Amino acid sequence: MEKWSLMTVTVLLALTVRWAVSLGSYSGAGKPPMYGDYEAQRHWQEITYNLPIRQWYFNTTDNNLLYWGLDYPPLTAYHSFVCAYIAKLINPDWVALHTSRGYESQPHKLFMRTTVFVADLLVYIPAVILYCFSLKETSAKKKASTCALCILLYPGLILIDHGHFQYPLSLGLALWAVLCLSHDWDLLGSVAFCLALNYKQMELYHSLPFFCYLLGKCFKKGLKGKGLVLLAKLAGTVLLSFAACWLPFGTDVEQIMQVLRRLFPIDRGLFEACMFSSPTHCPDKVANIWCSLSVLIKIKNVISPRTQLKLSFAVTFLSLLPACIKLTVQPSLRGFKFALVSCALSFFLFSFQVHEKSILLVSVPVCLIINEIPFMATWFLLVSTFSLLPLLLKDGLLLAYAVTTPAFLAVCLASFSILEKTSAEDLQLKAFSLSLKGYSSWFKSFPRIVRGLFLLSLSLMGGLSVLSAAVPPPQSLPDLFPVAVAVVSCLHFLLFLVYFNVVILWDSKNRGQKKMS
């Protein structure tokens, strides 16, 4: 009972923080004509409720795709329909076709915020709680609640979901999939991940680790026996899950192709995360390698869109290949979780049409290993939140950012004593350090160096946060601070990518694991 009491307090605190953030502004509030992501979600409710399914993804007189056209998979559309049905019962004006465009009122804001709360309570938060209880390293009563508190207070996700406005369903479903795999419920895990992928196509960031881990398990069991049976079951489960999600569109090939064109609009170019630039979207200031390089080289002007796509694919594939090979050859839950981080970060840094919010696809897997590498996980989560600063400033979420980020750092300092866990062993780098025999003396001062870099990083992020919020940029360089935030964040992420790959490739813990049954 005591452990559930501690967890109840943890959840109540997390909900209180979410409620406080939700009282503030949201994406595009009072900013016509496009408004922001809040209006996008409301508009999808309007479209899915009032139009037949065959028109949801097509440009018609009643569905102008240039105005927040639906560009997420079918489960997002079904969810929008359910929300719209409830909204219609409360106030039909909220989803009235055409006349509800840009609708803003306090009752409607309360309704929309409540839908996010419900999604959090039903999907994301329970997955976090059960995951923390399932960790072998957190068998002590206080450890599970401490781990859950740090994950649930991660400011990046709170600020985007309950501030900017976004639903946590795809990440929550992906977390349920990880939880199922950790209990060897491979078929249920496959269903959960298929649902996540059919809610948001960005879950492709996590697809290769899921595929490689399950394929590795099949190889371990032997493809002439149990492994082949498992492979057949997994393939059937995936096909049935996709068929169920796409059933309303499956009767018409053109419907399927139109949905796919909406999900993957490659003609928009390398940088265009959205087909237009609105006050709440700044696609050229994402903290990935392409946007950072564009400060020096205008890639859009020297490389054609098709070549950009090929280059992006090649670099992304090469960067995630080592982790995927290691996971396939030596499948383990620990390796799987680290591969989720590494592969998602590779996608964020090098892939096509990345939005700044996509860093959350890396951050949630990092939350899953915060008990194993608390220092590096905390550092990464702070940087990921900092990388969202330009977007948060546009949404009027400066105060929420300034409160939740230091609070998260304080909780991690108190919970894990992160500054005391900076040795090579604490950072999972002991095997790597042993392979560098000639540099063993350097690793003796490693903890002090790492702590120094961490404090320097915090100072740099804090300084840029203050400058971005309080100092007007030079007229000749209006994007100075957003670009600085993006470049500094990108440099951090590149170093983190190297670090996570080193941990994965030099990991020796998997070799001693018992053969999977």
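What counts, and at which threshold
- Residues numbered from 1 in each chain as written.
- Predicted model: local features only at pLDDT ≥ 70, side-chain atom pairs only at ≥ 80, totals over all residues.
- Heavy atoms only, no water.
- Helix = DSSP H or I, 4+ residues; strand = E, 2+ residues; numbered from the N terminus.
- Rg over C-alpha atoms; globule rule 2.2 N^0.38 Å.
- Buried < 20%, exposed > 50% of the residue type's maximum accessible area, 1.4 Å probe, protein only.
- Lys, Arg positive; Asp, Glu negative; His and termini not counted.
- Salt bridge = Lys/Arg side-chain N within 4 Å of Asp/Glu carboxyl O.
- Polar contact = N/O pair within 3.5 Å; in protein donor to acceptor, adjacent residues only side chain to side chain.
- Contact = heavy atoms within 4.5 Å.
- Domains from an automatic or database assignment.
- Buried area = accessible area lost by both parts, 1.4 Å probe.
- 1 Å grid on protein atoms, 1.4 Å probe; cavity = no way out; pocket = protein on both sides within 12 Å on 5 of 7 lines; lining within 4 Å.
- Points joined across faces, edges and corners; volume = space filled by probe spheres on them.
- Phe/Tyr/Trp six-rings, centres within 6.5 Å; stacked < 30°, edge-to-face > 60°.
- Lys NZ or Arg CZ within 6 Å of the ring centre and 35° of its normal.
- Axes fitted to C-alpha atoms, helices over the stretch in contact; angles between N-to-C directions.
- Parallel < 35°, antiparallel > 145°, perpendicular 65-115°, else oblique.
- Left-handed = near helix turned anticlockwise from the far one by under 90°.
- Nonpolar A, V, L, I, M, F, W, Y, C, P; charged D, E, K, R; others polar.
- Core = buried A, V, L, I, M, F, W, Y, C linked by side-chain atoms within 4.5 Å.

1. Quick look at the overall build of the protein
- Counting its regular elements, the protein contains 22 helices and zero strands.
- Since a compact globule built from 517 residues should have a radius of gyration of about 24 Å, the 23 Å found for the protein is in line with a globular shape.
- By its C-alpha atoms, the protein is 70 × 65 × 60 Å across when sized along the principal axes.
- Counting the 517 residues in the protein, one finds 56% classified as buried.

2. A word on the side chain of Arg113
- With respect to the element layout, Arg113 can be found in helix 4 (residues 106-134).
- There is no salt bridge for the buried Arg113, and the closest opposite charge comes from Asp395, which lies 8.5 Å off by N-O distance.
- Within the structure, the side chain of Arg113 is placed 3.0 Å from the backbone oxygen of Ser25, a separation counted as a polar contact.
- If sequence neighbours within four positions are ignored, Arg113 has contacts with Ser22, Gly24, Ser25, Tyr26, Asp161, His162, Gly163 and Phe165.

3. Brief notes about the domain arrangement of the protein
- What the domain assignment reports for the protein is domain 1 (167-264) and domain 2 (270-507).
- Of note, the centres of domain 1 and domain 2, computed from C-alpha atoms alone, are 26 Å apart.
- The partner domain 2 presents 24 residues to the 21 residues of domain 1 that form the contact.
- Where domain 1 abuts domain 2, roughly 1,900 Å² becomes buried across the two surfaces, and 83% of that area is made up of carbon and sulfur atoms.
- Summed over the three residues of domain 1 that lose the most area to domain 2, namely Tyr205, Pro209 and Tyr213, the buried surface amounts to 35% of that side.

4. Details of empty space enclosed by the protein
- Scanning the model with the defined rule gives four cavities of 30 Å³ or more in all.
- Taken as a whole, the largest cavity spans an internal volume of roughly 80 Å³.
- Lining the largest cavity are Leu171, Ala174, Leu175, Val178, His206, Phe210, Leu340, Val364, Pro365 and Leu368.
- Sorting the residues of the lining of the largest cavity by element identifies helix 7 (169-182) and helix 15 (360-368) as the ones contributing at least two each.

5. Things to note about the packing of aromatic side chains
- Inspection of the entire model under this criterion finds 27 aromatic pairs.
- Where Trp379 meets Phe496, the ring centres are 5.8 Å apart and the plane angle is 85°; that geometry is what we call edge-to-face. In this pair, Trp379 is assigned in helix 16 (residues 374-387) and Phe496 in helix 22 (residues 480-505), connecting sequence segments 117 residues apart. Phe496 shares its class with Trp379; the two are buried.
- Following the ring pairs from residue to residue traces out a cluster consisting of Phe338, Phe348, Phe375, Trp379, Phe380, Phe454, Phe493, Phe496, Tyr499 and Phe500.
- Cation over ring: Arg101 sits above Tyr67, and NZ or CZ is 3.7 Å from the ring centre.

6. Describing unusual backbone geometry
- In this chain, Pro32 is followed by Pro33 through a cis amide linkage whose omega measures 5°.
- Note that Pro33 resides in the loop between helix 1 (2-22) and helix 2 (37-50).
- For Ser417, which is not glycine, the phi torsion reads 50° and is therefore positive.
- Position of Ser417 relative to the elements: it lies in the loop between helix 18 (398-416) and helix 19 (430-435).
- Located in the positive-phi region is Gln428, a residue other than glycine, with phi close to 60°.

7. Some details on the side chain of Gln41
- As for its placement among the helices and strands, Gln41 is situated in helix 2.
- The class of Gln41 is buried, set by a relative accessible area of 9%.

8. A word on the packing of helix 4 against helix 7
- Here helix 4 crosses helix 7 at 30°, and the two axes come no closer than 9 Å. Classified by the interaxial angle, the pair formed by helix 4 and helix 7 is roughly parallel. Judged by the sense of rotation from one axis to the other, the crossing of helix 4 with helix 7 is left-handed. Of the residues in helix 7, those touching helix 4 at Ala119, Val123, Tyr124, Pro126, Ala127, Val128, Leu130, Tyr131 and Ser134 are Leu169, Leu171, Gly172, Leu173, Leu175, Trp176, Val178 and Leu179.
- Considering only residue class, the contact of helix 4 with helix 7 consists of 15 nonpolar, two polar and no charged.

9. Details of the environment of Val488
- Relative to the helices and strands, Val488 is located in helix 22.
- The sequence separation of Val488 and Val383 amounts to 105 residues, and the corresponding C-alpha distance is 9.1 Å.

10. Observations concerning the nonpolar core
- Counting residues in hydrophobic clusters, the biggest one holds 158 residues, and the most contacted among them are Phe348, Phe380, Phe493 and Phe500.
- At 13 residues, the largest contribution of residues to this core is made by helix 4.
- When residues of this core are sorted by domain, at least three fall in each of domain 1 (167-264) and domain 2 (270-507).
- Apart from the residues within four sequence positions on either side, Phe493 is in contact with Ala287, Leu345, Phe348, Leu349, Ile359, Phe380, Val383, Ser384 and Ser387.

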